[in-house]
Every structure is written in structure tokens, then in C-alpha cells.
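The residues making up each chain are set out below.
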Amino acid sequence: MAALVLSIAASSAFAQSTPAATPAPEAAAAPSSPAKKELVQRILKLQQPGIERLATAMTEDPAVVLGGRASEIIAAKVPKDKQEAVAKEIQAEMQKYLKDTVPQVRKSAQQLAPVTIGPMLESKFSEEELRQVVALLESPAYAKYQQLSGEMQQALQAKLVADTRGTVEPRVQALEKAVGERLSAATGAASAAPKAAPKAAAKPATK
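Note that residues are indexed from 1 along each chain, following the sequence as it is written. Only residues with pLDDT of at least 70 get local features here, since the model is predicted, and only at 80 or more are side-chain atom pairs given and counted; chain-wide, interface and lining totals rely on the full set of residues. To obtain the side-chain values, all non-hydrogen atoms of the structure were used and water was disregarded.

Peer 1: Please explain the overall build of the protein as it appears in this structure.
Peer 2: Only runs of H or I of at least four residues qualify as helices and only runs of E of at least two qualify as strands under DSSP, and these elements are numbered from the N terminus. For the protein, the helix and strand inventory stands at six helices and zero strands. Starting at the N terminus and ending at the C terminus, the protein contains elements arranged as α-α-α-α-α-α. Here the protein holds 207 residues, and the buried ones make up 42% of them. In the protein, 86% of the contacts between residues at least 6 apart in sequence involve partners at least 24 apart. Surface exposure of the protein reaches about 10,800 Å², of which carbon and sulfur atoms provide 55%. Burial classification: accessible surface area is computed with a 1.4 Å probe over protein chains only, and a residue below 20% of its type maximum counts as buried, one above 50% as exposed, and the rest as partly exposed. Residues are treated as being in contact if the distance between any of their heavy atoms lies within 4.5 Å. All accessible-area figures derive from a Shrake-Rupley calculation using a 1.4 Å probe, and residue coverage is judged against the displayed protein chains alone.

Peer 1: Just checking my understanding: could you explain the environment of Gln 154 for this structure?
Peer 2: Mapped onto the fold, Gln 154 is located in helix H6 (residues 149–187). Remark: the alpha-carbon pair of Gln 154 and Thr 116, spanning 38 residues in sequence, is separated by 9.3 Å.

Peer 1: In this structure, what is going on with the confidence of the model for the protein? I would like to understand it.
Peer 2: Parts of the prediction with low pLDDT should not have their coordinates interpreted in detail. The predicted model of the protein has a mean per-residue pLDDT of 78, with 72% of residues at 70 or higher. Per residue, pLDDT captures the predictor's confidence, and it can take any value from 0 to 100. Mean pLDDT across the elements of the protein ranges from a minimum in helix H1 (residues 2–15), with 41, to a maximum in helix H3 (residues 80–124), with 93. Long-range and interchain partners of residues 1–20, a stretch whose pLDDT sits below 50, account for 57 contacts in this model, where long-range means more than four residues apart. For residues 198–207, every residue scores under 50 in pLDDT, and the model assigns this stretch 25 contacts once sequence neighbours within four places are set aside.

Peer 1: I would appreciate a short explanation of the nonpolar core in the present structure.
Peer 2: Here is a general trend for soluble globular proteins: nonpolar side chains tend to be buried in one another's company. Take the buried residues of types Ala, Val, Leu, Ile, Met, Phe, Trp, Tyr and Cys, join any two whose side-chain atoms come within 4.5 Å, and each joined set is a nonpolar core. Counting 43 residues, the largest nonpolar core has Ile 90, Leu 121 and Leu 183 as its most contacted members. Breaking this core down by element, the ones donating at least two residues are helix H2 (34–77), H3, helix H4 (127–134) and H6. Each residue touching Ile 90, except ones within four places of it in the same chain, is listed here: Ala 70, Ile 74, Val 179, Arg 182 and Leu 183.

Peer 1: What should I look at first to understand H4 in this one?
Peer 2: An α-helix turns once per 3.6 residues; consequently, residues spaced three or four apart project the same way. Of the residues making up H4, those classed as buried are Leu 130, Val 133 and Val 134. For H4, the arc enclosing every buried residue in end-on projection is 100°, short of the 170-degree limit, so these residues lie on one face. Read the arc as the range of directions from the helix axis to the C-beta atoms.

Peer 1: When you look at the packing of H2 against H6 in this model, what are you seeing that I'm missing?
Peer 2: To characterise two packed helices, one gives the angle between the axes of the helices and the distance between these axes. A fitted line through C-alpha atoms represents every axis, and for helices the fit uses only the stretch in contact; the resulting angles, taken between N-to-C directions, go from 0 to 180 degrees. Direction vectors running N to C along H2 and H6 enclose 20°, while the axes themselves pass 11 Å from each other. One way to sum up the angle between H2 and H6 is to call them roughly parallel. Regarding H2 and H6, the two cross each other, and that crossing is right-handed. Residues Ile 51, Leu 54, Ala 55, Met 58, Pro 62, Ala 63, Leu 66, Ala 70, Ile 73, Ile 74 and Lys 77 of H2 lie in contact with H6, whose contacting residues are Leu 156, Leu 160, Val 161, Val 172, Leu 175, Glu 176, Val 179, Leu 183 and Thr 187. An angle below 35 degrees is treated as roughly parallel, one above 145 as roughly antiparallel, one from 65 to 115 as roughly perpendicular, and anything else as oblique. It is the rotation of the near helix from the far one that decides the hand of a crossing: anticlockwise by less than a right angle makes it left-handed, clockwise makes it right-handed.

Peer 1: Help me understand the environment of Leu 46 in this model?
Peer 2: Relative to the elements of secondary structure, Leu 46 occurs in helix H2. Spatially, the C-alpha atom of Leu 46 lies 7.9 Å from that of Val 134, the residues being 88 residues apart in sequence.

Peer 1: I keep staring at the environment of Met 94 and nothing clicks. Help me out?
Peer 2: Examined against the element boundaries, Met 94 turns out to sit in helix H3. What Met 94 contacts, discounting residues up to four positions off in sequence, is Ala 63, Leu 66, Gly 67, Leu 175 and Val 179.

Peer 1: What is the right way to read the pattern of salt bridges from this model?
Peer 2: Pairing of side chains with opposite charge becomes possible as their charged atoms draw close. When a carboxyl oxygen of Asp or Glu is within 4 Å of a side-chain nitrogen of Lys or Arg, the pair counts as a salt bridge. Tallied over the entire structure, the rule returns seven salt bridges. A salt bridge links Glu 122 to Lys 37; the shortest N-O distance between them is 2.8 Å. In this pair, Glu 122 sits in helix H3 while Lys 37 sits in helix H2, placing the two residues 85 residues apart along the sequence. Residue classification places Glu 122 among the buried positions, given a relative accessible area of 15%. Here Lys 37 falls in the partly exposed class, since its relative accessible area comes to 44%. Lys 124 is paired through a salt bridge with Glu 151; the nearest N and O atoms lie 3.0 Å apart. Pair noted here: Lys 124 is in helix H3 and Glu 151 is in helix H6, with a separation of 27 residues, a long-range link. Judged by its relative accessible area of 22%, Lys 124 is partly exposed. A network of salt bridges, in which partner residues are shared, links Glu 89, Glu 93 and Arg 182.

Laid out in C-alpha cells, this is it:
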């Protein structure tokens, strides 16, 4: 259920930190070295804000969908004198979900980035190219890095969705239940709960 929402959210979040471009053609793996490994770690550190935005957006999106649909139900079915109180209760449930879940998904993203993005950078860039990327220079090497953004996104996204499914999906379901109970109590309807997203298999986003 949550996997499709997470997959959609990841595409826009990662795009904020790395511009979209056509994937680079396959090339022979460049030799590794301790210096290259250190440069890769520096690049990952530079990319950490973008990785955290990706994780946050993936986690927030189900709550945003639920909140929007809950607002529609409140406006349409909850008596006006109760709307403000119900909205505050639902907002509290949303904040609880985000407080409990966002830090865990961010932590997972930070742990997965070195084993997904890292090997791609290490094998497809030379040591000198990595130095140029770290310096954020306007250079052919940086353009090459941009070309790899789609492939790096897909690798991290696939691992992150799989790694956090057990954490996010039960909490999305619990949030749906909590919101549904609040709305049912306010409207007397047994089927008031909004749904985060239809069930579907997760697919990595494509450029």
C-alpha cells in the first residue's frame, strides 16, 4: 500500500538535490583506491541534505494524502461546531506519525546511501573526476555526475522502500485507523476513513 506512494514521492525529492539528465552510457569500471573511497565519502556527505529530503518526502506523503482527504470529509460531514476540534485531533495523529517515523527513515537512507550511490561513484569515476565533483566545479566531470542521478536514485530508492516497508506500512495503517475512528466518532459513519493510496507493487521512479 505505502510502497507506491513512497515510490512517487522519491522522484520529486531526489530531483531537488540532483538535476535530471539522460543516463550515462555503460563504461568499464575505473580502478578503486583509498583516495577514491575518501572522495566518495565526501561526496556522500555533500549529498546528505538531498538524501534526507528524499527520505522525509517519502515518509510525509501518506500523511499529506490522508490529511487532504480527511479535510474534505470534515468539511462535508462533520457538524460545523465540531470541525475545529476534529481537525486538531487528526493533526495531532499526523504529527505523532511524523515524529515517530521520519527519523527512522532518514537514518535508513543515510545507511543505505554508501552501499548504493557509493559503489557507482567509485566504479564509474576516476580519482581526478571525483575531486572535481567534490569541488562542485563547472566541468565535464560534474555533468557526468548529473547523468548518473537517475541510476543512483533508482538504486537508493529501491533499497530504501524495501528496507523501511516494515516500519512505514504498519504506521500508515495505524494512522488510517486512528483518523477513521476520529471521523467515524464525529460523523457516525462506519466508512469514513480515508485511504493513503491503492495497493500496488513498488516500482522505481524513472526519468
